[in-house]
Amino acid sequence: MFSRPNLYGNLTKICGNMRTTALVNPSSVTAAAASSPTPYSNANVRQYHEVVGDIVCPSQVRGIDHIRDPRLNKGLAFTLEERQILGIHGLQPARFKTMEEQLELCKIAVNRYMEPLNKYLYLADLADRNEHLYFRFLYDNIEDLMPIVYTPTVGLACQRFGLIYRRPRGLFITVNDRGHVFDILRNWPEPDVRAICVTDGERILGLGDLGANGMGIPVGKLALYTALAGIKPHQCLPVLIDVGTNSYDLLEDPLYVGLRQKRVIGKEYDDFIDEFMEAVVKRYGQNTLIQFEDFGNQNAFRFLDKFRNTYCTFNDDIQGTAAVAVAGLYASKRITNRNFADSTFVFAGAGEAAIGIASLCVKAMVDEGVDEKTALSKIWMVDIDGLLTTTRKKGTISTHQTKFAKDVEPLDKLEDIVTKYKPNVLIGASAAAGIFTPKILQTMAANNERPIVFALSNPTSKAECTAEQAYQNTDGRVVFSSGSPFPPVTINNKTFTPGQGNNAYIFPGVALGVIATGTHHIPEDMFLISAKELANFVEQSDLDRGSLYPPLKSIHEVSMRIACAITSYAYKEGLASTYPEPECKREWLKEQLYNFNYESSMPVTWAWPRMPYFKTRKDSPLLSSMK
């Protein structure tokens, strides 16, 4: 039997000098191998960037490469035993730190920065060097850090993407790569991709066409997949489809990193997106979740209609935003005692978010027993040219807007529309800052005991009104929600802490349920189910403080409940392809989640039971057979 020193010595012989020599002249490698007295071949060892998946045998990656790989690096948390066997002893100072000690250092470090963009850069650097620490830091401090890794700070990061770009965190696929999209997908080192978030950068938040700078959005979204729902990061792939940009400011910007050309449109663009979708299925399988993000309004609706029944896909701007807004409306029923069908809705904005919310509101009314025609009559929509009507002469109405157009005289001003139709619910998804004027808010308060006002546009600078404006102009009676966070507001000696209607309450849980079950397609019912699950999680104490949503610190539990509901629905409706159906959905999902803590870097060992004694023959079987 080996003693421990001998075992370590043999491991050292087996694992020693195992770093590949990719930068060495191949002929010298061949010569060295031929003259080597040991049978071991360096070709069996991988560099850190070649290791994929969940579990990595320490014999595959050793030395400084183990520290350079963010998936394997534990900083100063490597034990003395690990440092010696992995060949990293001496590459680090003598101090040993637990993950908890490292987390405290991270908190100190990020709080040193006053500017949100600097905090964003610190977190990006942390993700690039220590994956487990990064996601554990997000997980433990989601209330403080989500506004940094996602809205509103991610918008600023996208605007300055050319200045802050450091290293690849996703794939850039340009229109010049037509015919070779599959080849580019093969360049991504992870073969087990389950979820892709893709954008073409045409409509980033409320900032407009940012082209290749929009990569910050899918990177941020997929970081929340892991931090909020525990989806394994190696299963997530951010993609930027670069077909150019129509922003002259970017085209003339010397720091811009994308194609310096006007956007490709028409059949060439559509064929390119088709090739991308087909390449994803060819590379990763039919059940790969493809989340469309921040496409232009017209393309977003077209692609959702085109692909929803042939691919596993959804559009978060349309469906995720709708679910979180409708969840807020479900929660507001406990304040107003008014059903969907008893309300009149006015939407400021008629793009992706507004159409998505309005459509899901119609579905919620139908769910209450109202016919679709009656439900549609409750909704009035306003775009830049005024009220959507069948008779207006200026402006055009898209196919998706047609069902919301009314056969009435046109009105141009939102103020006049609110005055005439007396809505109970006013929802802003216009990216037009300040469009909810004091007069409009006062009118809402005059017509309703508890007016509902949602200012959902992102980032904060694009919000239709601030929380303070909403409360001040309604004498504190407003039921308010926003798309970006606002500070607490004190009115009449009462402090309100408005909730943020963030899509992050919805899409991570939906994604977890879809990925785990191997769902083929994502029907609209899944988003109504998610809205109900989120609303059911809202406590009375949340409503009392002025929030229609639970605290962000509880978002992990919200994601799990949504995932459980999606899982149950997928099996009930025959959409799942993962069998057998688990009895306990929650425990089954938990078994598939990412481990936010450090794992041992040592190879797994186990003991065998002592073999029973058998008396052997004196002669061997070979000798017996020769007699």
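Keep in mind it's a predicted model, so treat the numbers as computed, not measured.

S.K.: So what exactly am I meant to see when it comes to the packing of helix α20 (residues 414–421) against helix α21 (residues 438–447) here?
M.R.: Each pair of packed helices can be summarised by the angle the axes make with each other and by the distance between the axes. At a closest axis distance of 10 Å, the pairing of α20 and α21 adopts a crossing angle of 5°. Classified by the angle between their axes, α20 and α21 sit roughly parallel to one another. Across the interface between the two elements, Leu414, Glu415, Val418 and Thr419 of α20 pack against Lys439, Ile440, Thr443, Met444 and Asn447 of α21. Split into classes, the residues belonging to the contact of α20 with α21 amount to four nonpolar, three polar and two charged.

S.K.: Any chance you could explain the pattern of salt bridges here in plain terms?
M.R.: Where charged atoms from two side chains of opposite charge approach closely, those side chains can pair. Here the structure, examined in full by the defined rule, presents 34 salt bridges. Of the charged contacts in the structure, one is a salt bridge between Glu268 and Arg178, with a shortest N-O distance of 1.8 Å. Within this pair, whereas Glu268 is found in helix α14 (residues 266–284), its partner Arg178 is found in the loop between β1 (171–174) and α11 (181–187), the two being separated by 90 residues in sequence. According to the relative accessible area criterion, Glu268 is partly exposed, its value standing at 35%. Its relative accessible area of 39% is what places Arg178 among the partly exposed residues. One salt bridge connects Asp294 with Arg203, and the closest N-O pair in it is separated by 3.7 Å. Note that Asp294 is positioned in the loop between β4 (289–292) and α15 (297–307) and Arg203 in the loop between β2 (195–199) and α12 (216–229), a separation of 91 residues in sequence. Judged by its relative accessible area of 24%, Arg203 is partly exposed.

S.K.: Help me out: how do you make sense of helix α5 (residues 99–111) in this one?
M.R.: Each α-helix turn comprises 3.6 residues. Residues three or four places apart therefore point the same way. Over its 13 residues, α5 runs 18 Å from end to end, which matches the ideal 18 Å to within 8%, given 1.5 Å per residue. Residues Met99, Gln102, Leu103, Cys106, Ala109 and Val110 constitute the buried set of α5. Down the axis of α5, the buried set is contained in an arc of 120°. They therefore lie on one face. Where the residues of α5 are buried, they touch α6 (116–129) and α7 (131–140).

S.K.: Explain the pairing of strand β9 (residues 425–428) here, please?
M.R.: If a strand is regular, its side chains alternate between the two faces of the sheet. Here β9 shows no split at all, with Val425 and Ile427 on one side and Leu426 and Gly428 on the other all buried. As judged from the four bridges shared by strand β6 (residues 345–348) and β9, these two strands associate in the parallel manner. Paired with Phe345 across the bridge in β9 is Val425. Relative to strand β10 (residues 452–455), β9 is paired through four bridges, and the arrangement is parallel. Residue pairing in the sheet places Val425 in a bridge with Ile452 of β10. Once you follow β9 into α21 and on to β10, the crossover reads as right-handed.

S.K.: Sorry if this is basic, but what is going on with the side chain of His66 here?
M.R.: By the secondary structure assignment, His66 is in helix α3 (residues 64–68). In this structure His66 comes out as buried when scored by relative accessible area, which is 3%.

S.K.: Just to check I follow, could you spell out the sheet that holds β6 for this structure?
M.R.: Adjacent strands of a sheet form backbone hydrogen bonds with each other and so pair up, either parallel or antiparallel. Across the sheet, which stays open at both edges, the seven strands sit in the order β8-β7-β6-β9-β10-β11-β14 with mixed pairing between neighbours. Edge positions in the sheet fall to β8 (386–387) and β14 (499–500), since each has one partner strand and no second. Lying over the sheet, helix α16 (residues 316–336) contacts β6, β9, β10 and β11 (479–482), oriented at roughly 155° with respect to β10.

S.K.: For this particular structure, what's the right way to read the sheet that holds β1?
M.R.: With respect to topology, five strands assemble into an open sheet ordered β1-β3-β2-β4-β5, the strand pairing being parallel. The sheet is open, and its two edges are formed by β1 and β5 (313–315), each paired on a single side. In this sheet, neighbouring strand axes are inclined to one another by 25° on average, regardless of whether the strands run parallel or antiparallel. The sheet contact formed by β1 and strand β3 (residues 236–242) spans four bridges and is parallel. Along β3, the bridge assignment pairs Thr174 with Asp242. In the packing of helix α23 (residues 507–517) onto the sheet, contacts are made with β2, β4 and β5, and the angle to β4 comes to roughly 155°.

S.K.: Just to check I follow, could you spell out the nonpolar core for this structure?
M.R.: The biggest cluster of nonpolar side chains holds 158 residues, and the ones touching the most others in it are Ile173, Tyr225, Phe276, Leu289, Ile379 and Met381. Residues contacting Ile379, with those up to four places away along its chain left out, are Phe345, Phe347, Ala358, Cys361, Val362, Met365, Phe404 and Lys406. Residues Ala348, Phe436, Ile440 and Ala463 belong to the second largest nonpolar core, which totals 27 residues.

Definitions and limits used
Residues numbered from 1 in each chain as written. Predicted model: local features only at pLDDT ≥ 70, side-chain atom pairs only at ≥ 80, totals over all residues. Heavy atoms only, no water. Axes fitted to C-alpha atoms, helices over the stretch in contact; angles between N-to-C directions. Helix = DSSP H or I, 4+ residues; strand = E, 2+ residues; numbered from the N terminus. Parallel < 35°, antiparallel > 145°, perpendicular 65-115°, else oblique. Contact = heavy atoms within 4.5 Å. Nonpolar A, V, L, I, M, F, W, Y, C, P; charged D, E, K, R; others polar. Salt bridge = Lys/Arg side-chain N within 4 Å of Asp/Glu carboxyl O. Buried < 20%, exposed > 50% of the residue type's maximum accessible area, 1.4 Å probe, protein only. Expected span 1.5 Å × (residues − 1). Arc of directions from axis to C-beta. Pairing = 2+ DSSP bridges. Right-handed = clockwise from strand over helix to strand, strands pointing away. Core = buried A, V, L, I, M, F, W, Y, C linked by side-chain atoms within 4.5 Å.

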